[in-house]
Amino acid sequence: MINKVVASAEEAIADIPDGASLAVGGFGLCGIPVALIDALHRHGTKDLETVSNNCGVDDWGLGVLLRDGRIRRTVSSYVGENKEFARQYLSGELEVVLTPQGTLAEKLRAGGAGIPAFYTKAGVGTQVSDGGLPQKYDAHGGIAIASSPKEVRTFHDVDYVLEESLTPDYGLVHAWKGDRHGNLVFHATAMNFNPLCAMAGKITIAEVEELVEPGELDPEHVHTPGIFVQRVVVVPAGEKRIEKRTVALARAAGTESATEQAGA
């Protein structure tokens, strides 16, 4: 079996060219391949198309590439935590293909499974199927690029819209554990999109927090088989951010709660 481990994140992404398309794993800020994204940023790679559930926040994850104008087009389902994203989209600097979350997940899974397209009920009767969604604005606020209508067919008296699968040039994922053959195990929320991005990428690069030897991972617990992964780089666990931190004030004995104080 091939030893797929490379020495650094910089080496792992060195051949990603300007204009490449990337499937980037993670959900919100959980399980995103921060080290690979930062290496791309340092490398100066630009004119990228990203396929990801969201596009990071202003100063973290894909938001770092976005901030410096390195992303040309993005296919995402949620874009609500990034002010720079909104600014670039509304000013005509960024092309955005908004996609229902489950549809996006299936586009990636189907691409990895060799299925070119599939039918789904999500989006039928809306601009998702009828076309006209603004994908890019011009400098004056007009629509420069709008989505095209999609084929709709009826099965058993129910309408479904045809969605094409996705097979980006590269998949960038973050795993909890991996071995030298590329077998990966993800942790908790990181399971949401990382396995799908790993399947869909034509060349998949995995950053792993812990590298183990072949045979140490229980085959029944492997989430992504090594056949989908071309490169592995060890990245020790770093900072794990939260998009919106919500905390409750502890109520000490004999004191009023924050709500009671506000209403007093």
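Residues numbered from 1 in each chain as written. Predicted model: local features only at pLDDT ≥ 70, side-chain atom pairs only at ≥ 80, totals over all residues. Heavy atoms only, no water.

For the protein, the name recorded in an unreviewed UniProt entry is Succinyl-CoA--3-ketoacid-CoA transferase, with Pseudarthrobacter sulfonivorans as its organism. Under the UniProt heading Sequence similarities (unreviewed entry), the entry covering the protein gives this text: "Belongs to the 3-oxoacid CoA-transferase subunit A family." (UniProt positions renumbered as here; feature names shortened; annotations may be inferred.)

> Whenever I open this one, the domain arrangement of the protein confuses me. Can you help?
Frequently, the measure chosen for interface size is the accessible area removed from exposure when the parts meet. Partitioning the protein into domains gives domain 1 (9-113 + 165-234) and domain 2 (117-164). Taking only C-alpha atoms into account, the centre of domain 1 sits 25 Å from that of domain 2. Contacts between domain 1 and domain 2 engage 18 residues on the former and 15 residues on the latter. Our count for the domain 1 to domain 2 interface comes out at 1 salt bridge. A salt bridge links Glu-163 to Lys-107, with the shortest nitrogen-to-oxygen separation between them at 3.2 Å. Breaking the side of domain 1 that touches domain 2 down by element, the ones donating at least two residues are α4 (83-90), β4 (95-98) and α5 (101-112). Class assignment of the residues belonging to the side of domain 1 that touches domain 2 gives a composition of 9 nonpolar, 4 polar and 5 charged. (Domains from an automatic or database assignment. Contact = heavy atoms within 4.5 Å. Salt bridge = Lys/Arg side-chain N within 4 Å of Asp/Glu carboxyl O. Helix = DSSP H or I, 4+ residues; strand = E, 2+ residues; numbered from the N terminus. Nonpolar A, V, L, I, M, F, W, Y, C, P; charged D, E, K, R; others polar.)

> Hey, could you run me through the packing of aromatic side chains in this one?
In this description, an aromatic ring pair is defined by two values, namely the gap between the centres and the angle between the planes. Scanning the entire structure with this criterion turns up 4 aromatic pairs. Sitting above the plane of the Trp-176 ring, Lys-177 keeps its charged end 4.5 Å from the centroid. (Phe/Tyr/Trp six-rings, centres within 6.5 Å; stacked < 30°, edge-to-face > 60°. Lys NZ or Arg CZ within 6 Å of the ring centre and 35° of its normal.)

> Got a minute to help me understand the environment of Lys-177 in this structure?
Position of Lys-177 relative to the elements: it lies in strand β10 (residues 170-179). Distance from Lys-177 to Ser-129, taken between C-alpha atoms, is 39 Å for residues 48 residues apart in sequence. Excluding anything up to four places from it in sequence, Lys-177 contacts Asn-183, Leu-184, Val-185, Val-208, Glu-210 and Leu-217.

> Could you clarify how one ought to interpret α4 in this entry?
Helical geometry note: an α-helix holds 3.6 residues per turn, so side chains three or four residues apart project in the same direction. Within the span of α4, buried status applies to Glu-84, Phe-85, Gln-88 and Tyr-89. For α4, the arc enclosing every buried residue in end-on projection is 130 degrees, short of the 170-degree limit, so these residues lie on one face. Across from the buried face of α4, at angles greater than 90 degrees, the exposed residues are Lys-83 and Leu-90. Near the N-terminus of α4, the side chain that reaches the backbone nitrogen of Glu-84, with its oxygen 3.1 Å away, is that of Asn-82. Looking one or two places after α4, you find Gly-92, whose phi comes out positive at around 85 degrees. (Buried < 20%, exposed > 50% of the residue type's maximum accessible area, 1.4 Å probe, protein only. Arc of directions from axis to C-beta. Polar contact = N/O pair within 3.5 Å; in protein donor to acceptor, adjacent residues only side chain to side chain.)

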